Amino acid sequence: METVLETVKYSFVLPAYKAKYLKEAIDSILAQTYTDFELIIVNDASPENVDGIVMSYNDRRIQYYRNGQNIGGKDLVAQWNNSISHAKGEYLILASDDDIYMPTYLEKMDTLVQKYPDVNVFRPRVKRINHKGKIIYIDGYQEEYLTKLEYLYAWTRHWLASGIPFFIFKREVLMKIGGFASYPMAWFSDDATVLRLADKGIVVLGTETLFSFRYSNENISTVQNTRRTLSAKLKATKMYYDEHIEFLKDYQTADTEEEHLLHYVKKNFPKLIRNNKVKSQMKISTLGAILGCWKDAVSIDCISNTFVLKCCKYPFKYAFLKLFGRA
């Protein structure tokens, strides 16, 4: 690695553990047409060949750190916050070791950053790809500027994907709130962090997909749950649900369009949490995990005993499909 950059506008921070797609991820960052950035890579005591991949580069924008012991395995958000402590850019992107940025991602996002200097959160339109690189989802088109309520409305409508690596955060403001929201297993930490920083709105470049989010069997959202992991996700879900139900309860407006948005989100936010978040995790949990986490499940206001009982059928279906290679 060459001399550390003294001043920089953007910091890409990449906590690295998996080596499989790491080179592809690094290449997509270094290929940016906008070049005023640093790339901080933090090896989280990985047993894989992260050292060999990073050392193959000779680029002055790269800074490389190694953790003495693995942090992310115990607390993923702690590893995120540890990694961003090395950054010095005015704006920060928390990259991942398996996703892909389009070459013009930073160039086009910087145009919006300059246009909205008071906003703390920016994102492009996103597509999801599977482990083979095939597209499986594309964000819906959005207005350029969204209020916090408008963003929550779009999220509830499934128009916007969740995730953290494609967002640009104003670093100073992020650090003032203590870094990324600390939820168990980082479940909902992305959405919670974005909304905590959204009081001045969120800017979306909705005309182009500038980021590919890799969705594979290594994601925490798709790995089969044990009692421990399901319990952690349910506790995080309750934290997220409680925080944003309070926001919706306290929201006051006399605007007719805002009133419509507020009514829709109040009605459908609990349904989304129940059906698309909790049920999706129950489907990939063992029966023992569901029975063991029953209390955690019904602690979420919109989850009933009947709902949990119905979910008990999913482990059998999932195991059957997995046996025949369809899950």
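Residues numbered from 1 in each chain as written. Predicted model: local features only at pLDDT ≥ 70, side-chain atom pairs only at ≥ 80, totals over all residues. Heavy atoms only, no water.

**Q** Please set out the packing of aromatic side chains residue by residue, giving values where relevant.
**A** Taken as a whole, this structure holds 24 aromatic pairs when the rule is applied. Ring geometry for phenylalanine 166 versus phenylalanine 213: centroids 6.5 Å apart, planes at 75°, classification edge-to-face. Of the two residues, phenylalanine 166 is situated in the loop between helix 5 (148-156) and strand 9 (168-170) and phenylalanine 213 in strand 10 (residues 202-214); the sequence distance between them amounts to 47 residues. Using a relative accessible area of 13% as the deciding quantity, one classes phenylalanine 213 as buried. When the ring of phenylalanine 188 is compared with that of tyrosine 240, the centres are 4.4 Å apart and the planes differ by 10°; the resulting orientation is stacked. (Phe/Tyr/Trp six-rings, centres within 6.5 Å; stacked < 30°, edge-to-face > 60°. Helix = DSSP H or I, 4+ residues; strand = E, 2+ residues; numbered from the N terminus. Buried < 20%, exposed > 50% of the residue type's maximum accessible area, 1.4 Å probe, protein only.)

**Q** Go over the side chain of arginine 61 with me, naming the residues and quoting the values.
**A** With respect to the element layout, arginine 61 can be found in the loop between helix 2 (50-55) and strand 3 (62-66). Residue arginine 61 is classed as buried on the basis of its relative accessible area, which comes to 14%. Only 2.9 Å separates the side chain of arginine 61 from the side chain of aspartate 59, close enough to count as a polar contact. (Polar contact = N/O pair within 3.5 Å; in protein donor to acceptor, adjacent residues only side chain to side chain.)

**Q** Break down the pattern of salt bridges for me, with residues and values.
**A** This structure, assessed with the given rule, holds 16 salt bridges. The shortest N-O distance in the salt bridge between aspartate 27 and lysine 23 comes to 2.9 Å. Highlighted residues: aspartate 27 and lysine 23, both in helix 1 (residues 22-30), separated by 4 residues, approximately one helical turn. Of the residues examined, aspartate 27 reaches a relative accessible area of 31% and is grouped as partly exposed. The class for lysine 23 is partly exposed, based on a relative accessible area of 44%. Here glutamate 144 and lysine 115 are joined by a salt bridge, their closest N and O atoms 2.6 Å apart. In this pair, glutamate 144 is assigned in the loop between strand 7 (135-138) and strand 8 (145-146) and lysine 115 in helix 4 (residues 105-115), connecting sequence segments 29 residues apart. The network of salt bridges with common partners includes Lys18, Asp97 and Asp98. (Salt bridge = Lys/Arg side-chain N within 4 Å of Asp/Glu carboxyl O.)

**Q** How would you sum up the nonpolar core? Please name residues and give values.
**A** Within soluble globular proteins, side chains that are nonpolar tend to cluster in buried spots. Within the largest apolar cluster, 103 residues are counted, with the highest numbers of intra-cluster contacts made by Ile26, Phe122, Phe180, Tyr240, Phe269 and Ile273. Looking at which element gives the most residues to this core, the answer is helix 9 (residues 256-283), with 9 residues. Apart from residues lying up to four places away in sequence, phenylalanine 269 is in contact with Leu152, Trp155, Thr156, Tyr240, Tyr241, His244, Ile245, Leu248 and Tyr264. (Core = buried A, V, L, I, M, F, W, Y, C linked by side-chain atoms within 4.5 Å. Contact = heavy atoms within 4.5 Å.)

**Q** Tell me about the environment of aspartate 118, and please be specific about residues and values.
**A** Its place among the elements puts aspartate 118 in the loop between helix 4 and strand 6 (121-129). Placed 48 residues apart in sequence, aspartate 118 and phenylalanine 166 show a C-alpha to C-alpha distance of 19 Å. The contact partners of aspartate 118, leaving out residues within four places of it in the chain, are Lys170 and Lys200.

**Q** Can you lay out the packing of helix 5 against helix 7 (residues 189-196) for me, pointing to particular residues and giving the numbers?
**A** Helix 7 packs onto helix 5 with a crossing angle of 155° between their chain directions and a minimal axis gap of 10 Å. The angle between helix 5 and helix 7 places the two elements in the roughly antiparallel class. Contacts between helix 5 and helix 7 involve Lys148, Tyr151, Leu152 and Trp155 on the former and, on the latter, Asp191, Val194 and Leu195. (Axes fitted to C-alpha atoms, helices over the stretch in contact; angles between N-to-C directions. Parallel < 35°, antiparallel > 145°, perpendicular 65-115°, else oblique.)

**Q** An account of the pairing of strand 1 (residues 10-16) is needed here, citing residue identities and associated values.
**A** Across the 7 residues that make up strand 1, a large majority, 7, are buried. Here strand 1 shows a buried face lined by Tyr10, Phe12, Leu14 and Ala16 and a second buried face lined by Ser11, Val13 and Pro15. For strand 1 and strand 2 (residues 37-43), the ladder comprises 7 bridges, and the chain directions are parallel. Paired with valine 13 across the two strands is isoleucine 40, which belongs to strand 2. Taken together, strand 1, helix 1 and strand 2 form a β-α-β motif whose crossover is right-handed. Two elements, strand 1 and strand 4 (residues 91-94), share 4 bridges in a ladder whose sense is parallel. The residue of strand 4 that forms the bridge with serine 11 is leucine 92. (Pairing = 2+ DSSP bridges. Right-handed = clockwise from strand over helix to strand, strands pointing away.)

**Q** Before we move on, could you go through helix 5 and cite the residues and values that matter?
**A** Within helix 5, 8 of the 9 residues are buried, which leaves it mostly tucked inside the rest of the structure. Along helix 5, the residues classified as buried are Lys148, Leu149, Tyr151, Leu152, Tyr153, Ala154, Trp155 and Thr156.

**Q** Hey, could you go over the packing of helix 7 against helix 8 (residues 227-250) for me, with residue numbers and the actual values?
**A** Packing of helix 7 against helix 8 brings their axes to within 10 Å, and their N-to-C directions diverge by 25°. Taken together, the axes of helix 7 and helix 8 are roughly parallel relative to one another. When the axes of helix 7 and helix 8 are compared, the crossing they make is left-handed. When helix 7 is examined against helix 8, the residues Asp191, Ala192, Leu195 and Arg196 are found in contact with a partner set consisting of Tyr240, Glu243 and His244. (Left-handed = near helix turned anticlockwise from the far one by under 90°.)

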